[in-house]
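Take a look at the letters that make up each chain.
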Amino acid sequence: METFDWIEVGAKAAFLVIVLLQVVPIMVWVERRGSALMQNRLGPNRCGPLGLLQSLADVVKFLWKEDPVPGHVEPFYYLLAPLVSVVPAFMTFAVIPFASSIQIGTHTVHFQVADLNVGLLYVFSIASLGVYGIIMAGWASNNKYTMLGSLRSSSQMISYELSMGLSVIGIIMTFSSLKLGDIAQQQGQFITQIGPIVLPEWLAIPRWGIFLQPLGFLIFLVSVFAETNRLPFDLPEGESELVAGYHLEYGAMKFALFMMAEYLNMTTASGLLATLYFGGWQLLPGMHTILGLVQSSLGLTGMAAEWARVLFEGTSFSIKTAFFMWFFVWVRWTLPRFRYDQLMDLGWKVMLPLSLANIFITAILTFYGWV
Amino acid sequence: MTESKEARRSQIDLPSGYQVEHDPDDLWGDSRVIVNIGPTHPAMHGALRMVAKLNGETIEKSYCEFGFTHRAKEKLGENRTFHNFTVYTDRLNYCSALINNVTYAMSVEKLMGVEVPERCVWIRMICCELARVMDHLICVGINAVDLGAFSFFLYGFHQREEAYTLVEKLCGARLTTSFTRIGGLMGDAPDGFEKELKAWVEKTRKVIDEMDELLTNNKIWKKRTVGVGVFSKQDCMDYSFSGPNARAAGIDLDLRRDQPCMFYKNVEFDVPVAQNGDVFDRYMVRINEIRQSLNILSQCADKMKKGPIWSEDKRVRIPEKTVVHNTMEGLIHHFKFFMTGFEVPAGEAYTQFEAANGELGFYIVSKGATRAHRMRIRGPSVWHFQALSPMVEGEKIADMVAALGSINIIAGELDR
C-alpha cells in the first residue's frame, strides 16, 4: 500500500472511533430524556443545557469510582470480558459506508473504513464475537444469576443470529453482492417495474431494501433487537428476575464498558438497517433539490461541490441511523419483556420458517427476473 | 451445591446418638442448582425470601420464608394505649395506610359502642377508597415493571402521587397518615376538598383508560400473564384467599357488599369477578376495581354534608384546645387522656373490612384497661404469600416474578 492509502485508512478509522465514542453518551442522554418525555417526567436537566452534560458527569463518576475485583471471581476472564464485548462492537462499523466515494487526484476515496468483498459475512462474524464477552462475564463472575444470564444470552444470540443471517440472504440475492458499498450504491436506482407491470414515470419508488424485501426487513428488525439485548428481548439482563444478569458483579468503568458495548451495538444495528433497507447514504427524497440549491447559490464547483455532496450524504445516513436508534429507545419504553421460552419459541418456530420462506420467495422472483 | 443437608449438619457438633431426620421438603437432596431469591432481591417486594430448586429455568421445588420485617405489632398493641396504637397501624399495609387506620378505629369503636357522626363516616369512606386506588395502582404498576413495562407504571404512579397530595390535604402526611382517632378524625376535610377530589377522579378515570389501552391487549403482556401463576377457586378456598386475588379466581366475595359497614349500602358499585385465577385476571380485577372505587369516590363527594366529625362520647373525644388552655378541668382531662388513655369495657371483638388486598381484621380482647389484653391482626398477605410456592411450581423463574407481583404481597402486613 502507498503512503496515501495508509493515511486514508488511518484517518477514516480514527474518525469513526471518535464519532462512535461520541454517539454513546449522546445516546444515553437521548434514552434518558426520551423516556422522560414518554413518561411525563423531566429527566436529567441539571448538568449543562437540557442536561446534555449529564453523560459527561457519569463518565467522570465511572472513572473515579473504586474498581474492585470481587474475591470469588476468575480474575483473568473477569477482566477480559468487558474488553471482549466492547472491541467487536467498535469493529463492526468498519464496513458500513457513510457516504459515497470522492475522487482526490488519482485516488478514489471510499467513505468506509474497509470495503471488504465479504462485507456482510464480516459483520455477522464480528457481531457474534460479542457474545463471548457476555458468556465470559457470566461464567467468570462465579454467581448463579450471572451464569443464568449468560446461558440465556448465548442461546438467545445463537437462535436469532440464524434468522438474522437468513433474512439478509434475500438482500444478497437481489443486489447480488456482499459488499455493503455496492448494496448502498444500487439502492440509488428506482423501481421501474413490478413483474409485468411497468410503473409510470412519476411514481419514483427508490430501489431501497425495504421495498424489495419487506418481510426480510421485519425479520431483520426483530432479530437485531434480540442481538443487541434490548427490550423486549433483554433477557440476559432480565432486570427483575436476574437482578442485572451477566454484569451483576461488575462495577465502575468495567460496567460502563458493557453499557458502551450495548449502545455501540445499537448504533451498528441502526447503521446496518439504514444501509441494507433504507438506501444507506443515498439522499432522502427532497435532499437532492436542497443540495442543488446549496451548490448553485454558493456557486460551488469541482471539489467543493463534491464535498458538499459527501456532507449531504453523510447527513442523510446519520438521519436514517438516528431514526432507528430512536426506534430502539421508543420500543424499549413501550413494550413489556418476553419470557425466555417464549423468546425461543418465537425465534425457532416463527422467525426461522419465515426467513426461510423469504429466501424461497426471493429466489423464485429473482429467477424470473421480477426484482 | 452437591453438599447435602446431612453433610452440612455433620459439621456441627451434634450430641451423640442424635439422628438427623429425613425431611421430605429438603431441596438439597440432589445436584440441581439452588437459587436464593431474596430477601434482598429487586423482584422481591419487601424482605421476602424464596429458595428455589431449578431445572434449567424451571422451578422444580421451592419454599418461601418471611418474617424479616417482624416488628411485634400485635405485642405492641398490648403495650400501648388504644389511642397510641393508631400510628402503628400505618405500618401494616403501608401502600394503603388509611384503610388500616379506619379499620382499627372501627374495631375499637365496636368494642366501646361508640357511634361516629355522618360526615366522619363519609370522610372515612373516601379515605378507604382513595387508599384502595393507590394500592391497586402500585400493584398493577409494579407487576408491569417486573415484566418490563416501565412507562405503564409511571403513568399510574403519577396519579398516585396526586392522590397522596389529596391525602396530604386531609392529614398533612403522605405515607404514614394516622388520620383516624377513636370516635372521630384527626381533623375535618378542608374547604373545597370535594371539588378537588372530583377533579382527581375524572383525571384518574382517563389515566386508567389510557393504561388499559396501553397494556391490556398487548400481545406480549397477554403471553406473559394469561395462564401464568394459576390458582384455582378450590385452591383459593383452601388457602383462605380474600380480596382481589380470590375474586380473580371466581370467588364472588366482597366484604363491602356482603357485610356492609359505614355507608357502603348507600353507594352503588359493582364487584368485578374473573374466572381463571391467573396473573392476567388479577390484573384485570384490580383495574376494574379502581374504576369502581372511583365511582364510589364521586358518589361520596356528592353525598358528603357539613357537620361534626367527632363522636359526642366524652370518653373518646379529645378535648378542644380552647378548653384545655383555659380551664383546669380541661387540662386535667387532656393530661389523663394522653398519659393513661381511656378505658375500654371488657369484651372481645373481631372487626373485618375489605382492605385493598383482602380481608383485614382486628381481633381485640379487652379486660377493661386502657390497653388491649390481646391484639391479633389478620393481614391478608400472609395467606397469599403461603400460596406462592405451590403457585409457581413447575413454572419459570420469570413467572415467579409475575405471580409474586400479582398477588401484591406487602411485607408490612405480612410480618407485622
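What you are looking at is a predicted structure, and each value in this text was computed from that prediction instead of being measured.

The rules behind each value
Chains are numbered independently. Their residues run from 1 in the order of the written sequence. Starting at A for chains and at 1 for ligands, labels are handed out in the order in which the entities are written. In view of the model being predicted, local features appear only for residues whose pLDDT reaches at least 70, and side-chain atom pairs are presented and counted only at 80 or more, with totals across whole chains, interfaces and linings using the full set of residues. Hydrogens are left out, water is left out, and the side-chain values use all remaining heavy atoms of the structure. Put simply, DSSP H or I for four residues or longer makes a helix, DSSP E for two residues or longer makes a strand, and each gets a number counted from the N terminus. For the radius of gyration, the atom set is restricted to C-alpha positions; the globular benchmark scales as 2.2 Å times the number of residues to the power 0.38. Accessibility here uses a 1.4 Å probe with only protein chains present; expressed as a share of the type maximum, an area under 20% marks a residue as buried, one over 50% as exposed, and anything in between as partly exposed. Residue contacts follow a heavy-atom distance rule, with two residues in contact if any of their heavy atoms lie within 4.5 Å. To be clear on the numbers: accessible area is Shrake-Rupley with a 1.4 Å probe, and residue cover counts the displayed protein chains and nothing else. Here the positive residues are Lys and Arg and the negative ones are Asp and Glu; neither His nor the chain ends is included. For the purpose of locating charges, the reference atoms are NZ of Lys, CZ of Arg, CG of Asp and CD of Glu. In the sections that follow, a salt bridge refers to a side-chain nitrogen of Lys or Arg positioned within 4 Å of a carboxyl oxygen of Asp or Glu. Throughout, the edges of the domains are those of an automatic or database domain assignment. Note on definitions: buried area is the accessible-area loss of two parts on being combined, 1.4 Å probe, summed for both. Polar contacts, as used here, are pairs of N or O atoms within 3.5 Å; protein pairs need one atom able to donate a hydrogen and one able to accept it. Residues neighboring in sequence count only if both atoms are side-chain atoms. Here, any two strands with at least 2 DSSP bridges between them count as paired. In this analysis, axes come from line fits to C-alpha atoms, helices being fitted only over the stretch in contact, and the angle between any two N-to-C directions falls in the range 0 to 180 degrees. Under the convention adopted here, Pro, Cys and the residues Ala, Val, Leu, Ile, Met, Phe, Trp and Tyr are nonpolar, Asp, Glu, Lys and Arg are charged, and Gly plus all remaining residues are polar. The set of buried Ala, Val, Leu, Ile, Met, Phe, Trp, Tyr and Cys residues whose side-chain atoms join them within 4.5 Å is what this entry labels a nonpolar core. A helix is expected to span 1.5 Å multiplied by its residue count minus one. Exposure above 30% relative accessible area and the lack of any salt bridge qualify a residue for a patch; like charges then connect within 9 Å, and the nonpolar side chains Val, Leu, Ile, Met, Phe, Trp and Tyr within 5 Å.

Undergrad: Teacher, can you tell me more about the overall build of chain A here?
TA: When its secondary structure is counted, chain A shows 14 helices and 6 strands. Its C-alpha radius of gyration of 22 Å places chain A within 12% of the 21 Å reference for a compact globule of 371 residues. Overall, the C-alpha framework of chain A stretches about 65 × 50 × 50 Å when taken along its three principal axes. Counting every position in chain A, which comprises 371 residues, the buried fraction comes to 51%. Across chain A, contacts joining residues at least 24 apart in sequence account for 77% of those joining residues at least 6 apart. Entry remark: accessible area of chain A is about 16,900 Å², with carbon and sulfur atoms responsible for 71%. Taking the average place of the 19 positive charges on the side chains of chain A and the average place of its 23 negative ones, the gap between the two points comes to 8 Å.

Undergrad: Sorry, what's going on with the overall build of chain B here?
TA: Along the backbone of chain B there are 18 helices and 8 strands. Here chain B has a C-alpha radius of gyration of 24 Å; the compact-globule value for 416 residues is 22 Å, and the two agree. Dimensions of chain B along its principal axes, counting C-alpha atoms only, are 75 × 60 × 30 Å. Per-residue burial for chain B yields a buried fraction of 58% across its 416 residues. The contacts of chain B with a sequence gap of at least 6 include a subset with a gap of at least 24, amounting to 70%. For chain B, the separation between the mean place of its 52 positive charges and that of its 56 negative charges on side chains is 3 Å.

Undergrad: Is there a simple way to explain the pattern of salt bridges in this structure?
TA: Close approach of charged atoms allows side chains with opposite charge to pair. Residue and element names in this part refer to chain B. Per the counting criterion, the structure on display carries 38 salt bridges over all chains. Between Glu-168 and Arg-174 there is a salt bridge; the shortest N-O distance is 2.6 Å. The closest approach of N and O atoms between Arg-317 and Glu-312, which form a salt bridge, is 3.5 Å. A network of salt bridges, in which partner residues are shared, links Glu-129, Arg-132, Arg-247, Asp-254, Arg-256, Glu-289 and Glu-354.

Undergrad: Mind showing me how you'd approach the domain arrangement of chain B here?
TA: A common way to report how large an interface is uses the accessible area buried once the components associate. Residues and elements named next belong to chain B. Each domain of chain B was delimited in the assignment, giving domain 1 (5-65) and domain 2 (75-415). Here domain 1 and domain 2 have C-alpha centroids that lie 35 Å from each other. The interface of domain 1 with domain 2 comprises 18 residues on the first partner and 19 residues on the second. The contact between domain 1 and domain 2 buries some 1,500 Å² in all, and 69% of this surface belongs to carbon and sulfur atoms. A per-residue breakdown of the area domain 1 buries against domain 2 is headed by His-45, Leu-48 and Ile-59, which together make up 37% of the total. Between domain 1 and domain 2 we count 0 salt bridges in total. Our enumeration of links across domain 1 and domain 2 arrives at 4 residue pairs in polar contact (both at pLDDT 80 or more).

Undergrad: Hey, could you run me through the sheet that holds strand S7 (residues 359-366) of chain B in this one?
TA: Remark on secondary structure: sheet strands pair via backbone hydrogen bonds, oriented parallel or antiparallel. Residues and elements named next belong to chain B. Strand order in this open sheet of 3 strands is S6-S7-S8, and the pairing throughout is antiparallel. Single-partner strands in this sheet number two, and they are strand S6 (347-354) and strand S8 (374-378). Across this sheet, the average inter-strand angle for adjacent strands is 10°, counted without regard to direction. Here S7 runs beside S8; their pairing, made up of 5 bridges, is antiparallel.

Undergrad: Help me understand the interface of chain A and chain B, please; the structure alone is not making it clear to me.
TA: In this assembly, 24 residues from chain A lie in contact with 33 residues from chain B. Across the interface of chain A and chain B, roughly 2,500 Å² is buried in total on both sides, 60% from carbon and sulfur atoms. Summed over the shared surface of chain A and chain B, the number is 2 salt bridges. A salt bridge links Asp-399 of chain B to Arg-339 of chain A; the nearest nitrogen and oxygen atoms lie 2.9 Å apart. Remark: the boundary between chain A and chain B carries 11 residue pairs in polar contact (both at pLDDT 80 or more). When residues of the side of chain A that touches chain B are traced back to their parent elements, those giving at least two are helix H6 (144-175), helix H10 (239-242) and helix H14 (340-367) of chain A. Considering each element in turn, the side of chain A that touches chain B owes the most residues, 4 residues, to H6 of chain A. Tallied by class, the residues present in the side of chain A that touches chain B amount to 11 nonpolar, 5 polar and 8 charged.

Undergrad: Teacher, can you tell me more about the nonpolar core here?
TA: Considering soluble globular proteins, one finds that nonpolar side chains tend to be buried as a cluster. Residues and elements named next belong to chain B. If you look at the biggest cluster of nonpolar residues, it comprises 90 residues, and the most contacted ones within it are Tyr-104, Ile-123, Leu-130, Trp-200, Tyr-283, Phe-362 and Ile-364. Going through the elements one at a time, helix H4 (97-112), helix H5 (118-146), helix H6 (150-171), helix H7 (193-215), helix H12 (279-303), S6, S7 and S8 are the ones with two or more residues in this core. A per-element tally of this core places H5 first, with 15 residues. With sequence-adjacent residues up to four places away left out, Tyr-104 is seen in contact with Phe-82, Phe-85, Thr-86, Thr-89, Ile-182, Phe-362, Ile-364 and Met-375.

Undergrad: What exactly am I supposed to notice about H5 of chain B here?
TA: Note: α-helices contain 3.6 residues per turn, so residues at a spacing of three or four share the same orientation. Residue and element names in this part refer to chain B. The terminal C-alpha atoms of H5, which comprises 29 residues, lie 42 Å apart, in line with the 42 Å expected from a rise of 1.5 Å per residue. Most of H5 sits out of view: 26 of its 29 residues are buried. Just downstream of H5, Gly-148 is the residue with a positive phi angle, here 100°.

Undergrad: How do you make sense of the environment of Leu-162 of chain A when you look at a structure like this?
TA: All names here are of chain A. Relative to the helices and strands, Leu-162 is located in helix H6. Sequence-wise, Leu-162 and Ser-355 are 193 residues apart; in three dimensions their C-alpha atoms are separated by 9.1 Å. In this structure Leu-162 touches Trp-348 and Leu-352, once residues within four positions along its chain are discounted.

Undergrad: How should the sheet that holds strand S3 (residues 58-65) of chain B be read in this particular structure?
TA: Strand order across the open sheet formed by 3 strands is S1-S2-S3 (chain B), with antiparallel pairing between neighbours. A strand with exactly one partner marks an edge of an open sheet, and here the two such strands are strand S1 (33-37) and S3 of chain B. Strand-to-strand twist in this sheet, taken as the mean axis angle between neighbours without regard to direction, amounts to 20°. Strand direction decides the pairing type here: S1 of chain B and strand S2 (residues 49-55) of chain B, joined by 5 bridges, are antiparallel. Counted as the bridge partner of Ile-34 of chain B is Lys-53 of chain B from S2 of chain B. Each of S1 and S2 of chain B is contacted by H6 of chain A, which is oriented at about 110° to S1 of chain B, the strand it contacts most.

Undergrad: Explain a nonpolar patch on the surface to me, please; I cannot follow it from the model alone.
TA: Residue and element names in this part refer to chain A. A grouping of Phe-360, Ile-361, Ile-364, Phe-367, Tyr-368 and Trp-370 is seen on the molecular surface, where their side chains present a nonpolar patch of about 750 Å² in accessible area. Mapped onto the elements, Trp-370 comes out in the segment after H14. The exposure class assigned to Trp-370 is partly exposed, which follows from its relative accessible area of 47%.

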